[in-house]
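Analysis of the macromolecular model
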Amino acid sequence: MKKFIICTTILWVTSNVANAQDISANTLQPSTPICLIKGTPTNHQFTEIKRLKIGKGTYGSVTDLYPRIVDKTHKLGADAVIHYNASQRFGFWPWRLVRPVMTGTAIKWLSTPPSCQSLGGIEIK
């Protein structure tokens, strides 16, 4: 039993150290703003990269998810998110436990990126 506890503790500590190193590496990189667009931009060419769904395990605001969607979009090499939707949804336990969820599609512009404001989007950093 002692070996199990020691092994679990070592694994937990090493995973937390690795996560701390990942977080510090991400904070050193300058992040470019990401544009969240509700619809589909017309007159601009882009490539869809991946559908995104990001949620929080417990209650909170949708704005709490902004850093996570920016990080995920940067890791995919995308420039913006189209079909953006953010709402409160019921989690696993249906009785009055709601959580924020964001969905959308990460895209990469094929030409010069248009202004986020001209597309009616929300620019986040």
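Structure report, in brief. Not measured: the values here are computed from a predicted model.

Conventions used here
Residues numbered from 1 in each chain as written. Predicted model: local features only at pLDDT ≥ 70, side-chain atom pairs only at ≥ 80, totals over all residues. Heavy atoms only, no water. Buried < 20%, exposed > 50% of the residue type's maximum accessible area, 1.4 Å probe, protein only. Helix = DSSP H or I, 4+ residues; strand = E, 2+ residues; numbered from the N terminus. Pairing = 2+ DSSP bridges. Core = buried A, V, L, I, M, F, W, Y, C linked by side-chain atoms within 4.5 Å. Contact = heavy atoms within 4.5 Å. Disulfide = S-S within 2.5 Å. Phe/Tyr/Trp six-rings, centres within 6.5 Å; stacked < 30°, edge-to-face > 60°.

Taking burial as the measure, the twelve residues of strand S4 (residues 98-109) include nine buried ones, the bulk of the element. When strand S2 (residues 46-55) meets S4, the two strands line up antiparallel, connected through nine bridges. Residue pairing for S4: Arg 51 is matched across the bridge by Thr 105. In this sheet, S4 lies alongside strand S3 (residues 80-90) in antiparallel orientation, the contact comprising nine bridges. Residue Phe 90 lies in a different strand from S4, and its bridge partner there is Val 98.

Here we take up the nonpolar core. Core analysis: the largest hydrophobic core is formed by 14 residues, its most contacted members being Ile 34, Leu 36, Ile 69, Val 81, Tyr 84, Met 102 and Ile 124. Listing elements by their share of this core, those giving two or more residues are strand S1 (34-36), S2, helix H2 (66-76), S3 and S4. Sequence-distant contacts of Tyr 84, that is, excluding residues within four places in its chain, are made with Leu 36, Ile 37, Lys 38, Val 62, Tyr 66, Met 102, Thr 103, Gly 104 and Ile 122. Among the nonpolar cores identified, the runner-up in size contains seven residues, and Cys 35, Ile 37, Ala 80 and Ile 82 belong to it.

Let's shift gears to the state of the cysteines. Here a disulfide denotes one covalent bond, and it connects the sulfur atoms of two cysteines. Per the counting criterion, the structure on display carries one disulfide. Across the disulfide from Cys 35 sits Cys 116; the S-S distance is 2.1 Å. Between Cys 35 and Cys 116, the S-S dihedral sits near 80 degrees, and the bridge is therefore right-handed. On the criterion of sequence distance, the pair formed by Cys 35 in strand S1 and Cys 116 in the loop between S4 and strand S5 (122-124) is long-range, its members being 81 residues apart. Comparing Cys 35 with Cys 116 shows no difference in burial state: the two are buried.

Attention now goes to the packing of aromatic side chains. Throughout the structure, instances matching the rule amount to one aromatic pair. Relative to Trp 109, the ring of Phe 46 has its centre 6.0 Å away and its plane inclined at 90 degrees; by these criteria the two rings are edge-to-face. Highlighted residues: Phe 46 in strand S2 and Trp 109 in strand S4, separated in sequence by 63 residues. The exposure class of Trp 109 is buried, given its relative accessible area of 9%.

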